[in-house]
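Remarks on the overall topology
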Number of protein chains: 2
Amino acid sequence: MADETTLEDEAMRAGDEAAQADDRPDDRVDDERHDEDNRLKPEYLRSVVAALDEDDPALVHELVEPLHPADVADLFELLDSDDRPLLAAAIPDLMTGEVIAELNDHVRDDMMEALGPEAVAEIAEQLDTDDAVQLIEDLEPAEQAAILAEMEPEDRAAIESALAYPEETAGRLMSRDFVAVPEHLTVGDLIDYLRDAEQDDLPTEFWEVFIVDLAHKPVGTCQLSWIMRTPRATPLVEVMKRDQTLIPVTMDQEEVGNMFQKYALISAAVIDENGRLVGQMTADDVVHIVSEEAGEDVLLLSGAGDGDINEPIREAYVARVRWLVANLGTAVVASAIIALFGAAIEQLVALAVLMPIVASIGGNAGTQTMAVTVRAIAMNQLTRANTRRMIWREMRVAMLNGTTVAVLIGVAVALLFTPQLGAVIAAAMVINIVVAGLAGVAVPVIFERLDQDPAVASSVFVTMITDSMGFFAFLGLAVATGLAG
Amino acid sequence: MADETTLEDEAMRAGDEAAQADDRPDDRVDDERHDEDNRLKPEYLRSVVAALDEDDPALVHELVEPLHPADVADLFELLDSDDRPLLAAAIPDLMTGEVIAELNDHVRDDMMEALGPEAVAEIAEQLDTDDAVQLIEDLEPAEQAAILAEMEPEDRAAIESALAYPEETAGRLMSRDFVAVPEHLTVGDLIDYLRDAEQDDLPTEFWEVFIVDLAHKPVGTCQLSWIMRTPRATPLVEVMKRDQTLIPVTMDQEEVGNMFQKYALISAAVIDENGRLVGQMTADDVVHIVSEEAGEDVLLLSGAGDGDINEPIREAYVARVRWLVANLGTAVVASAIIALFGAAIEQLVALAVLMPIVASIGGNAGTQTMAVTVRAIAMNQLTRANTRRMIWREMRVAMLNGTTVAVLIGVAVALLFTPQLGAVIAAAMVINIVVAGLAGVAVPVIFERLDQDPAVASSVFVTMITDSMGFFAFLGLAVATGLAG
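Predicted, not measured: the structure shown is a model, and the values here were computed from it. (Residues numbered from 1 in each chain as written. Chains lettered and ligands numbered in written order. Predicted model: local features only at pLDDT ≥ 70, side-chain atom pairs only at ≥ 80, totals over all residues. Heavy atoms only, no water.)

1. Regarding the overall build of chain A
As a reminder, the rule being used: Helix numbers and strand numbers start at the N terminus; a helix is a DSSP run of H or I with at least 4 residues, a strand a run of E with at least 2. Based on C-alpha atoms, the radius of gyration is set beside the globule rule, defined as 2.2 Å times the residue count to the power 0.38. For this analysis, residues touch if any pair of their heavy atoms sits within 4.5 Å.
Check the secondary structure of chain A and you find 23 helices and six strands. A compact globule built from 485 residues should have a C-alpha radius of gyration of about 23 Å, whereas chain A, at 30 Å, is more than 25% larger. Structurally, chain A occupies a C-alpha span of about 90 × 65 × 55 Å along its principal axes. Put simply, of all contacts in chain A between residues at least 6 apart along the chain, 64% involve residues at least 24 apart.

What follows is the structure, encoded as structure tokens:
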């Protein structure tokens, strides 16, 4: 732990200022506006809505002013979409770039459409390039062009260069504000450079200084805390870390997130095709990316598309109905298999009663394995080097699961129906759970090798396999053993 | 962008050192050991395994030495569990605390069990407290005590204090290394304090200095980059940010992740029950936490438990079979509903052929809504303030989805079977998809209000509702309209 004893003693002697401590703003958790999970309280929201309904902008302003910009953004998201423009109109001075940058994409797009290009351009100019890009990247090209035309040439150029990279790559997401210095400097030179009041276009927040060669390629990196703790005369090349993680400008955001996780980075240099330093990624942005990427898989696997609760209803409908129609196709395939055994069902209606159990448990087992596989692929844990081991592992788990479930259902069916039917359902269950385990690994791995996102389509195929195999194994065994048909 | 023109010109004149640029280590991506996604290549892994099999520790060492510690950890995870102790024995000098800290929990626990308490204590003492806690928190209490007994009293006290907080809270996860100074200092005082060579217990890496009052409560925070850019005579109280985000020591890691995301933090102060500064959380750790929390939901929703591919088979079996047995229960409920309509099915076997379609699509629709709801709850987007709006939204999406799917299946069934059966399946489909939408929101929201993790159990209930309702609506309507039974 930091040893601040000496300084604290000093503080006790000197400390008049210490008495001021009480005028600091409250901790943001558990105040009158936030609940224990740091969400805005419903009562607070109601008071804002009431003030908006009563057309009392002064009261609205008074209520909203104490909020952090990120909370103002949350407030917009919690309001009905009709109330959002009213709120914006009541607090023009609080509508800072930070609020806009923190808004949910859908809510922001809505509000951007309501404003003219001039107003949007004015907001965009307040923002860092990466936030400004977020602001306009989802707009129509014509609207983008109109907004860019209103901007200062320098800002416009930065945004255009970001938009030239594909979505979700480092080039699109990186910050173009960073500190880079040549390698012949000493620590003292660097400190003087940073302190030089004329360097007013240095970023105000940075954690790392990049050292570059004449071709502007990064040769090392130096954290501010090392600079702080090193004598002025030391050459930078002696303090800097040479073995740094470099992010290619075309790297996908998911990989960027994995790099930050793996190497526990706070910031990292982004390099272009020629290895030149062009930007940096910082951990505060990466926290967003990692959350988005990992959360996306839940939504993709369930076929919920973007899955944002602020997504317009029409978009949610289009994303989800596609999935339901695809699943309708797979359900029809399963149905066709049942139809093959119509005569058997007519003869022994217990088959119809029991067959969904085999399909359903197989589906669950397949989904379990698929979720594990998709997550392992996303985290770079499952590679060509260990796929075979993973398949073997899942087969063993499936055998254990299959046997357990088969015994339970087999005994129950033997008691309630006939021992023979119990044996058939138990055998069908083992077969289907093992097939489910195999499909749960194989389908996502195949999609990954075909360079497709395994989270997007695996589920449809795995479900089709487990449903069809469930009905086929159960009904087929019933017929084959002479139970019916 | 940072303006480094002047310095670069200078570099061109001075720059002999610049010519050294070529001896820097390669960028870690796309070298002979890594593929384009920064994963270890199968060929590289094979060469390590071959060297281990040939019992050639010198060659193993030569192969592994160039790796970053995080890659050494990856290598352990990719190896079969039998090969892991062999690798550890071949590279004793490369088995640093950093490698151990980066290992997957299951792989690390395995290796810790193989070592004695003395060896583990020695490794733990190399690590920061938070990493050392991770190392031993999953061990049996007796083993923990044995290891702690071997450690230096100071390290032991820090670890014991961390272990006193519940798992996954800030108190368990925070770093106890931070820099805190009293508030009467100037920027110059702070710089002198940091540079003071005798302060050798200051952390080497930090991004932010916390300013505390006499009671050691945080009153403000100051990023190193602001200190760098401010004249020495300026009092700290003028530079520091007073409105900082404070993390209570009992806060759950999921909330910590949400705070970092919401306020775009790089580091934040952790305070105890009395508001005193006791630690800090940094964004590099939070990136891990956010990934874990968001990824966990995919696995929990699918009933895959911990879902780690390194989890021992027995643990994976226990976690998953519980879920399958629970689902067996819900499948039996659905089955019982079918049994009620045995006579109808006997009379019209088409009912048995078609009924899984209604249940299956309802299940998919329910899963979609449930995934969106669970994610929104996790991200603090769905609160008491907007639940009603969310339910209404999902009802509208469900009506649209239900109508679309109902028309498709209704027409197909009308053509292939009878118009009356087409009408029945269409009506059952609309009913089931709307019920699915309602259940998909209501079930996770109810679990959340009961302080249960909505990702854990929602799925069983939603599936039970959609399966049962699917069979009941379809078969019930068929009987009610006189089609059969």
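2. Some details on the environment of Glu315 of chain B
You can see Glu315 of chain B is positioned in helix H18 (residues 313-340). Residues Glu315 of chain B and Gly305 of chain B, ten residues apart in the sequence, show an inter-C-alpha distance of 9.1 Å.

3. Overview of the nonpolar core
Our working definition: Nine residue types can take part in a nonpolar core, namely buried Ala, Val, Leu, Ile, Met, Phe, Trp, Tyr and Cys, and a core is a set of them joined through side-chain atoms within 4.5 Å. Residue burial is assigned from relative accessible area. The probe radius is 1.4 Å, only protein chains are included, and a residue is buried under 20% of its type maximum, exposed over 50%, and partly exposed in between.
In this structure, Ile345, Met429 and Phe474 of chain A together with Ile345, Met429 and Phe474 of chain B are the most contacted members of the largest nonpolar core, which totals 88 residues. When residues no more than four places from it in sequence are discounted, the contact partners of Phe474 of chain B are Leu351, Leu354, Met355, Val358, Leu421, Val424, Ile425 and Ala428 of chain B. Of all hydrophobic cores here, the second largest spans 46 residues; its members include Ala70, Val249 and Val256 of chain A together with Trp207 of chain B.

4. Quick word on the interface of chain B and chain A
To be explicit about the condition: We define buried area as the total accessible area lost by two parts upon association, computed with a 1.4 Å probe and summed across both. Throughout this description, the term salt bridge denotes a Lys or Arg side-chain nitrogen within 4 Å of a carboxyl oxygen of Asp or Glu. Here a polar contact is taken to be a pair of N or O atoms separated by no more than 3.5 Å, where protein atoms must pair a possible hydrogen donor with a possible acceptor and residues adjacent in sequence count only if both atoms sit in side chains.
The partner chain A presents 176 residues to the 175 residues of chain B that form the contact. When chain B packs against chain A, the two sides together hide about 15,800 Å² of surface, and 60% of this comes from carbon and sulfur. It is Met228, Arg229 and Ile309 of chain B in chain B that bury the most area against chain A; as a group they hold 6% of the surface buried on that side. Where chain B meets chain A, there are ten salt bridges. Here Glu448 of chain B and Arg39 of chain A are joined by a salt bridge, their closest N and O atoms 3.7 Å apart. At the junction of chain B and chain A, the tally comes to 50 residue pairs in polar contact (both at pLDDT 80 or more). Ranked by the residues each element gives to the side of chain B that touches chain A, the list is headed by helix H20 (residues 350-378) of chain B, at 17 residues.

5. Here's the deal with the environment of Leu438 of chain A
Residue and element names in this part refer to chain A. Mapped onto the elements of the fold, Leu438 is located in helix H22 (residues 419-449). Taking the C-alpha atoms as reference, Leu438 lies 9.4 Å from Met370; in sequence the two are 68 residues apart. Setting aside its immediate chain neighbours within four residues, Leu438 contacts Ile391 and Met395.

6. Examining the pattern of salt bridges
A complete count under the given rule lists 20 salt bridges over all chains for this structure. Across the pair Arg39 of chain A and Asp35 of chain A runs a salt bridge whose closest N-O atoms are separated by 3.1 Å. Residue class for Asp35 of chain A comes out buried when judged on its relative accessible area of 14%. With a shortest N-O distance of 2.9 Å, Arg389 of chain B and Asp80 of chain A are connected by a salt bridge. With Arg389 of chain B in helix H21 (residues 387-416) and Asp80 of chain A in the loop between helix H4 (69-78) and helix H5 (83-90), the pair connects residues from two separate chains. A relative accessible area of 27% means that Arg389 of chain B is categorised as partly exposed. A residue is classified by how much of its surface remains accessible, and Asp80 of chain A, at 38% relative accessible area, is partly exposed.

7. Let's talk about the sheet that holds strand E2 (residues 208-212) of chain A
All names here are of chain A. Formally: A pair of strands is treated as paired once DSSP finds two or more bridges between them. Orientation is described by axes fitted as lines to C-alpha atoms, over the contacting stretch for helices, and by angles from 0 to 180 degrees between their N-to-C directions.
Within the open sheet, the three strands sit side by side as E1-E2-E3. Their pairing is mixed. Whereas interior strands pair on both sides, the edge strands pair on one side only; in this sheet they are strand E1 (180-182) and strand E3 (218-223). Looking at each pair of strands side by side, their axes are set apart by 30° on average, direction ignored. For E2 and E3, the ladder comprises five bridges, and the chain directions are antiparallel. Each residue of the ladder has a partner; that of Glu208, found in E3, is Gln223.

8. Considerations on the packing of aromatic side chains
For clarity, the threshold we go by: To pair, rings of Phe, Tyr and Trp, with the six-membered ring standing in for Trp, must have centres within 6.5 Å; the planes then decide the type, stacked if under 30 degrees apart, edge-to-face if over 60, and tilted in the middle.
Counted by the stated rule, this structure contains six aromatic pairs over all chains. Their ring planes at 70° and their centres at 6.4 Å tell us that Phe178 of chain A and Phe210 of chain A sit as a pair that is edge-to-face. Here the residue Phe178 of chain A occupies a position in the loop between helix H12 (170-173) and E1, and Phe210 of chain A occupies one in strand E2, the gap between them amounting to 32 residues. With a relative accessible area of 1%, Phe178 of chain A lands in the buried category. Taking 6.3 Å as the distance between ring centres and 65° as the angle between the ring planes, the aromatic pair formed by Phe341 of chain B and Phe472 of chain B counts as edge-to-face. Taken together, the residues span a long stretch of sequence, with Phe341 of chain B in the loop between H18 and helix H19 (342-347) and Phe472 of chain B in helix H23 (residues 454-480) at a distance of 131 residues. Overall, the relative accessible area of 11% leaves Phe341 of chain B in the buried class. A relative accessible area of 44% means that Phe472 of chain B is categorised as partly exposed.

9. Here's the deal with the domain arrangement of chain A
Inclusion rule: Reported domain spans reflect what an automatic or database domain assignment gives.
Once the domains are mapped, chain A shows domain 1 (26-165), domain 2 (180-301) and domain 3 (313-480). A C-alpha centroid distance of 29 Å is found between domain 1 of chain A and domain 2 of chain A.

10. Examining the environment of His106 of chain A
Assignment of secondary structure puts His106 of chain A in helix H7 (residues 105-114). Spatially, the C-alpha atom of His106 of chain A lies 9.2 Å from that of Ile309 of chain A, the residues being 203 residues apart in sequence.

11. Regarding the sheet that holds strand E1 (residues 180-182) of chain B
All names here are of chain B. Taken together, three strands build an open sheet; the order of strands is E1-E2-E3 and the sheet is mixed. Sheet topology places E1 and strand E3 (218-223) at the edges, where each strand pairs with a single neighbour. Averaged over all neighbouring strand pairs, the angle between strand axes comes to 30°, with direction disregarded.

12. Points about unusual backbone geometry
Residue and element names in this part refer to chain B. Despite not being glycine, Ala264 has its phi angle at roughly 45°, a positive value. Note that Ala264 resides in the loop between helix H16 (253-263) and strand E5 (267-271). Take Ala264: its relative accessible area is 31%, and that puts it in the partly exposed class.

13. Comments concerning the packing of helix H4 (residues 69-78) of chain B against helix H5 (residues 83-90) of chain B
Residues and elements named next belong to chain B. Note the following rule: Ten residue types, Ala, Val, Leu, Ile, Met, Phe, Trp, Tyr, Cys and Pro, are classed as nonpolar, four, Asp, Glu, Lys and Arg, as charged, and the remainder, Gly among them, as polar.
Where H4 contacts H5, the axes come no closer than 9 Å and their chain directions differ by 150°. Judged by residue contacts, Leu75, Phe76 and Glu77 of H4 engage Arg84, Leu87 and Ala88 from H5. Its residues assigned to classes, the contact of H4 with H5 comprises four nonpolar, no polar and two charged.

14. Details of H4 of chain B
Among the ten residues that make up H4 of chain B, nine are buried, leaving the element largely enclosed by the rest of the structure. Turning to H4 of chain B, its buried residues number three or more, namely Pro69, Ala70, Asp71, Val72, Ala73, Leu75, Phe76, Glu77 and Leu78 of chain B.

15. Topic: a nonpolar patch on the surface
All names here are of chain A. Where we set the bar: Patch membership requires over 30% relative accessible area and the absence of a salt bridge. Like charges are linked within 9 Å, and nonpolar side chains (Val, Leu, Ile, Met, Phe, Trp, Tyr) within 5 Å. In these tables, accessible area is a Shrake-Rupley quantity obtained with a 1.4 Å probe, and a residue counts as shielded only by the protein chains included in the view.
A surface patch of nonpolar side chains, about 310 Å² in accessible area, is lined by Val407, Val411 and Leu415. Here Leu415 is to be found in helix H21 (residues 387-416). On the accessibility criterion, Leu415 (72% relative accessible area) is exposed.

16. Topic: the UniProt feature "transmembrane region" (unreviewed entry) in chain A
We apply this condition: UniProt positions are given in the numbering used here, feature names are shortened, and annotations may be inferred rather than shown by experiment.
Here the UniProt feature "transmembrane region" (unreviewed entry) sits at residues 323-345, 351-377, 398-417, 423-447 and 459-484 of chain A. Secondary structure across residues 323-345 of chain A divides into 96% helix and 0% strand, with the first and last C-alpha atoms of the span separated by 30 Å.

17. A short note on the UniProt feature "domain: CBS" (unreviewed entry) in chain A
UniProt records the feature "domain: CBS" (unreviewed entry) for residues 240-298 of chain A in the present numbering. Strand forms 24% of residues 240-298 of chain A and helix 46%; the C-alpha atoms that close the span are 41 Å apart.

18. Re the relation of the copies chain B and chain A
The cut-off we apply is this: All copies are superposed by least squares; the fitting set is the C-alpha atoms of residues with a pLDDT of at least 70 in both.
Note on the copies: chain B fits chain A at an RMSD of 0.1 Å, the axial shift is 0.0 Å, and the rotation between them is 180°. Seen this way, the second copy is the image of the first under a two-fold rotation axis. Both copies share a contact surface, since 100% of the interface residues of chain B are interface residues in chain A too.

19. Structural notes on the side chain of Asp130 of chain B
Residue and element names in this part refer to chain B. Put simply, the rule reads: Charge counting treats Lys and Arg as positive and Asp and Glu as negative, with His and both chain ends excluded.
Residue placement: Asp130 occurs in helix H9 (residues 129-136). This buried residue, Asp130, is left without a salt bridge; Arg176 holds the nearest opposite charge, at 7.1 Å. Those residues in contact with Asp130 that sit more than four places away from it in its chain are Leu173, Met174, Ser175 and Asp285.

20. Structural notes on a negative patch on the surface
Residue and element names in this part refer to chain A. Test applied: We put the charge of a Lys on NZ, of an Arg on CZ, of an Asp on CG and of a Glu on CD.
On the surface, Asp110, Glu113, Glu140 and Glu143 cluster together into a patch of negative charge. With respect to the helices and strands, Glu113 occurs in helix H7. Residue Glu113 is classed as exposed on the basis of its relative accessible area of 55%.

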